[in-house]
Amino acid sequence: MRRSLVVGNWKMNGSKATAVSLLTGLKARLAELNAVDVCVCPPFLYLSDANAQLADSAIRFGAQDVSGNGQDNGAYTGEVSAAMLSDAGCEFAIVGHSERREYFAESADLLAKKVECLLAEKITPILCVGEKLDDRESGLEQQIVEGQLHEIVDRLGVQVFSQMVVAYEPVWAIGTGKTATPEQAQQMHAFIRGVVSKLDPVIADKLPLLYGGSVKPDNAKDLFAMQDIDGALVGGACLDVDSFSLIIKAKESV
Ligand code: PEP
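Notes on the structure in this doc start here. (Residues numbered from 1 in each chain as written. Predicted model: local features only at pLDDT ≥ 70, side-chain atom pairs only at ≥ 80, totals over all residues. Heavy atoms only, no water.)

**Observations concerning unusual backbone geometry**
At Lys122, a residue that is not glycine, the phi angle is positive and equals roughly 60°. Residue placement: Lys122 occurs in the loop between helix H5 (108-120) and strand S5 (124-129). Look at Lys122 and you get exposed, because its relative accessible area is 75%. For Ser214, which is not glycine, the phi torsion reads 55° and is therefore positive. By secondary structure assignment, the location of Ser214 is in the loop between strand S7 (209-212) and helix H10 (217-224). (Helix = DSSP H or I, 4+ residues; strand = E, 2+ residues; numbered from the N terminus. Buried < 20%, exposed > 50% of the residue type's maximum accessible area, 1.4 Å probe, protein only.)

**Here's the deal with the environment of Val195**
Counting through the fold element by element, Val195 comes out in helix H8 (residues 182-199). The class of Val195 is buried, set by a relative accessible area of 5%. In this structure the C-alpha to C-alpha distance between Val195 and Gln142, which are 53 residues apart in sequence, comes to 9.9 Å. In this structure Val195 touches Glu146, Leu149 and His150, once residues within four positions along its chain are discounted. (Contact = heavy atoms within 4.5 Å.)

**Some words on the pattern of salt bridges**
A full pass over the atoms with the stated rule returns 21 salt bridges. A salt bridge links Lys114 to Glu106; its shortest N-O distance comes to 2.7 Å. In this structure Lys114 comes out as buried when scored by relative accessible area, which is 3%. We note a salt bridge from Glu141 to Arg136, for which the minimum N-O separation is 3.8 Å. Of the two residues, Glu141 and Arg136, both sit in the buried class. (Salt bridge = Lys/Arg side-chain N within 4 Å of Asp/Glu carboxyl O.)

**What to know about the nonpolar core**
If you look at soluble globular proteins, the nonpolar side chains tend to sit buried side by side. One finds Val40, Leu85, Phe161, Ile192, Tyr211, Val234 and Phe244 to be the most contacted residues of the largest nonpolar core, which totals 71 residues. Dropping the residues within four chain positions of it, Ile192 is found in contact with Val129, Val145, Leu149, Val166, Tyr168 and Leu209. Within the second largest apolar cluster, twelve residues are counted, among which are Val7, Cys41, Ala167 and Leu210. (Core = buried A, V, L, I, M, F, W, Y, C linked by side-chain atoms within 4.5 Å.)

**So, the pairing of strand S3 (residues 60-63)**
Sheet topology places strand S2 (residues 37-41) next to S3; two bridges connect them, and they run parallel. Note on S3: the bridge partner recorded for Val40 is Phe61. A crossover links S2 with its parallel partner S3, the connecting element being helix H2 (residues 47-53), and its sense is right-handed. When S3 meets strand S4 (residues 92-95), the two strands line up parallel, connected through two bridges. Note on S4: the bridge partner recorded for Gly62 is Phe92. Assessed by its sense of winding, the connection that carries the chain from S3 through helix H3 (residues 82-87) to S4 is right-handed. (Pairing = 2+ DSSP bridges. Right-handed = clockwise from strand over helix to strand, strands pointing away.)

Structure (structure tokens):
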């Protein structure tokens, strides 16, 4: 049995007041979790609020990014190390979100270093992969995603995938309201598992694969019904207690 996981990526949204209100609202709504792990990823500044508010809750929390410089301390202005995330109580961190790949030009070498830093602190990296619209329109989506997986495998070996989560997030579906159909998502998830399986079938079989891209309460159940979709990485809808809770309930019900 693979682990089911629903992750909320808050992105750069909210304030201290809204963060606390969202955390307390989720804690109350999700007092019991049945066979689904739930993780919220607030901005760095509100991780201490997550730590305080979720102390007696099954909801876990993580970061949206991490420094790849590989040191606990050092002259890296603005960076936050994996050791600091661990100190703050993070169990997960998102790596390679398409917004970071695009706006911050994150290279394959940097992403691999981030994964290494997180694993050294026993934080689970959630590696995002996914093609842009023109890649899909040119029929290149599998080639792009396979390349993104190999960026990590070729540098760190397939073994790291036994301690990671992969999120398939087609860029054209993020924040656009356009979701991949359950069949499109399943096809890519099966492809991803196949790429890893060629290297290590046992690791591939256990690898949690999340779908991300305009997941909402009304499309979540159909996505979760797919064999290789083990959960979701949710952006916009995770900022609303009702919507995020309904997505988690949809995962619990399949
Ligand atoms: C995301 O940012 O990871 C995401 C999937 O966003 P949204 O759900 O808003 O499309």
